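Close look at the chain arrangement
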Amino acid sequence: MMKLKCSQTRTYDEDGFKKRAACLCFRSAAEDEVLLVSSSRYQDRWIVPGGGLEPEEEPSTAAAREVCEEAGVKGTLGRLLGVFENSDRKHRTFVYVLIVTEVLEDWEDSLSIVPPLAGRKRRWFSIEDAVRALQDHKPVQASYFQSLRQSFQPSNGAIPLPSQNPLPDVR
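To keep things clear, this report deals only with the structure shown in the data block. (Residues numbered from 1 in each chain as written. Predicted model: local features only at pLDDT ≥ 70, side-chain atom pairs only at ≥ 80, totals over all residues. Heavy atoms only, no water.)

Next up on the list: helix 3 (residues 127-135). The set of residues buried in helix 3 consists of Ile 127, Ala 130, Val 131 and Leu 134. Along the axis of helix 3, the buried positions cluster into a sector of 100°, meaning they face one direction only. Buried residues belonging to helix 3 abut strand 3 (18-26), strand 4 (33-38), strand 5 (46-47), strand 9 (122-126) and helix 4 (139-151). (Buried < 20%, exposed > 50% of the residue type's maximum accessible area, 1.4 Å probe, protein only. Helix = DSSP H or I, 4+ residues; strand = E, 2+ residues; numbered from the N terminus. Arc of directions from axis to C-beta. Contact = heavy atoms within 4.5 Å.)

This next bit is on the pattern of salt bridges. Applying the stated criterion to the full structure yields 10 salt bridges. A salt bridge links Glu 33 to Arg 27; the nearest nitrogen and oxygen atoms lie 3.4 Å apart. Judged by its relative accessible area of 16%, Arg 27 is buried. Between Arg 132 and Asp 129 there is a salt bridge, and its shortest N-O distance comes to 2.4 Å. Highlighted residues: Arg 132 and Asp 129, both in helix 3, separated by 3 residues, approximately one helical turn. Look at the salt bridges and you will find they share partners, linking Asp 13, Asp 15, Glu 85 and Arg 92 into a network. (Salt bridge = Lys/Arg side-chain N within 4 Å of Asp/Glu carboxyl O.)

And the structure:
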């Protein structure tokens, strides 16, 4: 099922849930700092970047597209953490891990959020701070991090080392 919304087409699954995709965008493979963006509606609230799937679009492709549009980052798409259901909003979101390799200076949502609001802001958070920033207004997004902890298992027991080329702070 599909439904048009302004310049985008919403797609729905067989149960009538909107199909969405998102990424937990990490500064490095250590997965200890995650990038959140400000909400388009409430500039003082942080969210995980993501959005709706286009018709015939794969969830992984949509996830990478959405983080580029909303957060202005590109990177290496990793594992699927799961499909998370928000029964209040009737959404099902495919959530992936993305290791950021490029931070864009200007990006779509930094410039195009409708006035009187400014463009989206972005900020790196520790995992604990990200959960705290999300838990009151986006509890389903906060739950992504529980799945992250369960899925992160270094293959040889070694502790991942920080990236040799740290990404710039985007505050």
